[in-house]
Amino acid sequence: MKILSGAEKRMVRCGCGVALALACLAAAVPSASAQQWADTGTPQGVYFYWYEPSFYTGFAPRCQEPERIRIVLGRGNQLRLTVVLGRQQVENYLEDLILRRNLYRELVDRGVIELTQNSEYEAFLAGLEGAGVEAAAAARPSVGPGRYRERSLELMQRLNPGRVFHIRLPADPLLDNWRLGLAGLSAESFRQPDVRLAAVNDLLPGRVNRNALDTEVEAALDRL
């Protein structure tokens with residue numbers, strides 16, 4: 001199971017203040033020694049443009065396991081980010097959205113963030129309310145883990161239309177084809193690093209893209 005990101009990364013308006021990371025503010029405010037435009041004439045170059053801090057208002061799940069995040073540079077320099085979702089990402093999804101909403105709301109209410117440019121923040125709140133995220137999260141103790149996981153997936157697909165995919169691949173035909181490919185290799189050929197790497201990637205074509213083999217995989221290939 002995975003979720004694709006991309007254009008989903010919508011950004012919200014944010015005036016003077018801190019967004020999710022203090023680095024946003026640090027990057028936006030010039031240093032004391034920097035030359036600043038004093039409204040004395042036509043500004044020179046691109047330094048005049050001031051990019052205000054911003055924060056994410058989409059509904060993509062959070063993932064703190066780097067090994068689950070895949071970035072592929074495809075044809076035409078198109079960058080594709082894929083997150084392979086595990087049990088933890090699915091089960092924490094609804095509560096993460098609520099925590100995200102509560103953080104934004106507190107920053108806005110306290111005046112740390114001043115909204116200035118668009119209505120993405122309001123759209124984010126409306127999306128959560130319309131999907132019934134808070135009610136679904138509150139029902140977790142009563143519905144049981146299996147049903148709660150199903151409900152989390154349902155809402156994830158609803159909030160990220162066209163970006164969540166259930167991957168179902170029959171294992172037996174894949175392994176049979178892989179075995180036939182290996183059968184044509186000599187023992188001498190199979191000892192070559194590039195051949196071994198290609199063999200691992202051929203196990204699941206298009207979805208396994210290793211660029212190096214660790215000791216555990218090397219040992220498994222030796223046993224094979």
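Anyway, here's the lowdown on the structure attached to this text. (Residues numbered from 1 in each chain as written. Predicted model: local features only at pLDDT ≥ 70, side-chain atom pairs only at ≥ 80, totals over all residues. Heavy atoms only, no water.)

A look at the nonpolar core
Ranked by size, the top nonpolar core spans 29 residues in total, and within it Phe59, Tyr93, Leu94, Leu97, Val133 and Leu159 carry the most contacts. Considering every element that reaches this core, the biggest residue donor is helix H3 (residues 93-109), with 6 residues. Ranked by size, the runner-up nonpolar core spans 9 residues in total, among them Trp178, Phe190, Val195 and Leu213. (Core = buried A, V, L, I, M, F, W, Y, C linked by side-chain atoms within 4.5 Å. Buried < 20%, exposed > 50% of the residue type's maximum accessible area, 1.4 Å probe, protein only. Helix = DSSP H or I, 4+ residues; strand = E, 2+ residues; numbered from the N terminus.)

Looking at the packing of aromatic side chains
Applying the stated criterion to the full structure yields 3 aromatic pairs. Judged by centre distance (5.3 Å) and plane angle (20 degrees), the ring pair of Phe59 and Phe124 falls under stacked. Here Phe124 lies in helix H4 (residues 120-131) and Phe59 lies in the loop between strand S3 (55-56) and strand S4 (69-73), a separation of 65 residues in the sequence. An aromatic cluster is defined as three or more aromatic residues linked by ring pairs; in this entry it consists of Phe55, Phe59, Tyr104 and Phe124. A cation over an aromatic ring shows up here: Arg196 above the ring of Phe190, its NZ or CZ 5.4 Å from the ring centre. (Phe/Tyr/Trp six-rings, centres within 6.5 Å; stacked < 30°, edge-to-face > 60°. Lys NZ or Arg CZ within 6 Å of the ring centre and 35° of its normal.)

Some details on the pattern of salt bridges
Per the stated rule, a full pass over the model turns up 13 salt bridges. The partner of Arg196 in a salt bridge is Asp222, and the shortest N-O contact between them spans 2.9 Å. Remark: Asp222 occurs in helix H11 (residues 215-223) and Arg196 occurs in helix H10 (residues 193-201); sequence separation between them is 26 residues. Judged by relative accessible area, which is 58%, Asp222 ranks as exposed. Among the charged side chains, a network of salt bridges with common partners joins Arg147, Glu150, Arg151 and Glu154. (Salt bridge = Lys/Arg side-chain N within 4 Å of Asp/Glu carboxyl O.)

Brief notes about the packing of H3 against helix H7 (residues 145-159)
Where H3 meets H7, the axes come as close as 9 Å, and the angle between the chain directions of the two elements is 55 degrees. On the basis of the axis angle, H3 is oblique to H7. Between H3, through Tyr93, Leu94, Glu95 and Leu97, and H7, the contact on the second element is made entirely by Tyr148, Ser152, Leu155, Met156 and Leu159. Considered class by class, the residues forming the contact of H3 with H7 number 7 nonpolar, 1 polar and 1 charged. (Axes fitted to C-alpha atoms, helices over the stretch in contact; angles between N-to-C directions. Parallel < 35°, antiparallel > 145°, perpendicular 65-115°, else oblique. Contact = heavy atoms within 4.5 Å. Nonpolar A, V, L, I, M, F, W, Y, C, P; charged D, E, K, R; others polar.)

None of this, on its own, says anything about what the molecule does.
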